[in-house]
Amino acid sequence: KLAKYTKYQKVCDASFIMFALTWVYTRLSYFPTIVIFSTTVEAGQILQMFPFYYVFNFLLTLLLILHLFWGYFILKVAYKAVTMEDAVEDTRSDSDDSETD
């Protein structure tokens with residue numbers, strides 16, 4: 001955001017690319033294959049089951065669903081940035097002040 005305000009578009013693009021690649025790898029690849037697999041399959045072989053085991057796994061699965069939801073929007077913005085010739089605009093507010101009526 002700071003690069004966007006200071007008009008360093010190349011820095012802004014590079015940091016978004018790094019963010020998108022990191023997000024896809026860590027949240028959509030590493031998290032489901034390593035973390036969730038370890039807690040659902042391997043933990044049952046190592047530890048004795050306890051009541052909150054299922055709650056923890058449910059919450060981790062819910063977090064994966066949120067990662068998929070957010071990942072969709074990140075990839076959607078990346079697709080628009082690559083295919084559209086116009087710059088992708090940030091629709092969020094530029095100021096921290098909120099208007100109250």
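Above this text sits the structure in question.
Just so it is clear, the structure is predicted and the values come from calculations on it, not from any experiment.

K.L.:
It is not clear to me how the packing of aromatic side chains should be interpreted in this structure. Could you clarify?
P.N.:
The description of an aromatic ring pair rests on the distance of the ring centres and on the angle between the ring planes. Counted under the stated rule, the structure contains 9 aromatic pairs. When the ring of Phe50 is compared with that of Phe56, the centres are 6.2 Å apart and the planes differ by 65°; the resulting orientation is edge-to-face. Pairing Tyr72 with Phe73 gives two aromatic rings, centres 5.2 Å apart and planes at 70°, and the pair type is edge-to-face. Linked through ring pairs, Phe50, Phe52, Tyr53, Tyr54 and Phe56 together constitute an aromatic cluster.

K.L.:
I keep staring at the side chain of Asn57 and nothing clicks. Help me out?
P.N.:
Summarising the element assignment, Asn57 is placed in helix H3 (residues 52-83). With near-sequence residues (within four places) excluded, Asn57 lies in contact with Thr39 and Thr40.

K.L.:
It is not clear to me how helix H2 (residues 9-46) should be interpreted in this structure. Could you clarify?
P.N.:
Along an α-helix, residues three or four positions apart point the same way, because every turn accommodates 3.6 residues. The sharpest bend along H2 measures roughly 55° and falls at Phe31, with the proline Pro32 sitting one to four residues further on. Restricting attention to buried positions, one finds in H2 the residues Cys12, Ala20, Trp23, Phe31, Ile36 and Ala43.

K.L.:
It is not clear to me how the side chain of His67 should be interpreted in this structure. Could you clarify?
P.N.:
If you trace the backbone, His67 turns up in helix H3. You can call His67 buried: its relative accessible area is 4%. Excluding its chain neighbours within four sequence positions, the residues that come into contact with His67 are Trp23, Arg27, Leu28 and Phe31.

K.L.:
Got a minute to help me understand the environment of Trp23 in this structure?
P.N.:
The topology assignment puts Trp23 in helix H2. With a relative accessible area of 10%, Trp23 lands in the buried category. For the pair Trp23 and Gly71, spaced 48 residues apart in sequence, the C-alpha separation works out to 7.4 Å. Once you skip the residues sitting within four places of it in the chain, Trp23 turns out to touch Leu28, His67, Trp70, Gly71 and Ile74.

Parameters and conventions
- Residues numbered from 1 in each chain as written.
- Predicted model: local features only at pLDDT ≥ 70, side-chain atom pairs only at ≥ 80, totals over all residues.
- Heavy atoms only, no water.
- Phe/Tyr/Trp six-rings, centres within 6.5 Å; stacked < 30°, edge-to-face > 60°.
- Helix = DSSP H or I, 4+ residues; strand = E, 2+ residues; numbered from the N terminus.
- Contact = heavy atoms within 4.5 Å.
- Bend = angle between axes of the 7 residues up to and from the residue.
- Buried < 20%, exposed > 50% of the residue type's maximum accessible area, 1.4 Å probe, protein only.

Any link to function would need more than the numbers given here.
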